[in-house]
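Below, each chain spelled out in residue letters.
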Amino acid sequence: MIIFYDANCPLCNAEMQHLKRADINNKIILEDLNATDFNTRFPNVDKSIAMALLHARMPSGIMIYGLDVTYQAWKTVDKYPWLKIIRLPIIRFFADCAYTFFAKYRQPISRFLMPNSQCKNNQCKTKSAGDK
């Protein structure tokens, strides 16, 4: 599974790094949408659309989007089996609406929830008290 994500989003980056630590069998490849060679390596992935909605390519070649990516990723690493609840019919609708809102406003939400984080050169880190 290849996940295409915005590594310049502190919350997105934190979740992907958490996911990768859980991926002890290396079943997931993370690809930063901000990589300078992204369009060359993945010409079939529209970066502007992927920036608006999480994308992943399954081993079969099928593309999945949004919370389907989140659910499938954690399922792939055998973590958080309770996430299947977000794919149940009625809950799915509301979860997808919430995800769409989050995706659209992920940068300000990240700044609000993680005020001590900064992203530079596609790397997000937490600023310490002495950093400017």
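Residues numbered from 1 in each chain as written. Predicted model: local features only at pLDDT ≥ 70, side-chain atom pairs only at ≥ 80, totals over all residues. Heavy atoms only, no water.

An unreviewed UniProt entry lists the chain under the name Cell division protein, with Pseudoalteromonas nigrifaciens given as the organism.

Peer 1: How would you sum up helix α5 (residues 89-104)? Please name residues and give values.
Peer 2: Spacing of three or four residues puts side chains on the same side of an α-helix, whose turn is 3.6 residues. The end-to-end C-alpha distance of α5, which contains 16 residues, comes to 23 Å, matching closely the 22 Å that a straight helix rising 1.5 Å per residue would cover. Among the residues of α5, Ala 95, Tyr 99 and Ala 103 are the ones counted as buried. Buried residues of α5, viewed axially, fall in a sector of 75 degrees; they line one side. Residues Ile 90, Phe 94, Phe 101 and Lys 104 are exposed on α5 and point more than 90 degrees away from its buried face. Next to the buried residues of α5 lie α3 (47-52), α4 (67-76) and α6 (106-113). (Helix = DSSP H or I, 4+ residues; strand = E, 2+ residues; numbered from the N terminus. Expected span 1.5 Å × (residues − 1). Buried < 20%, exposed > 50% of the residue type's maximum accessible area, 1.4 Å probe, protein only. Arc of directions from axis to C-beta. Contact = heavy atoms within 4.5 Å.)

Peer 1: An account of unusual backbone geometry is requested, with residue identities and associated values reported.
Peer 2: Despite not being glycine, Asp 78 has its phi angle at roughly 55 degrees, a positive value. Here Asp 78 shows up in the loop between α4 and α5. Given the relative accessible area of 64%, Asp 78 is considered exposed.

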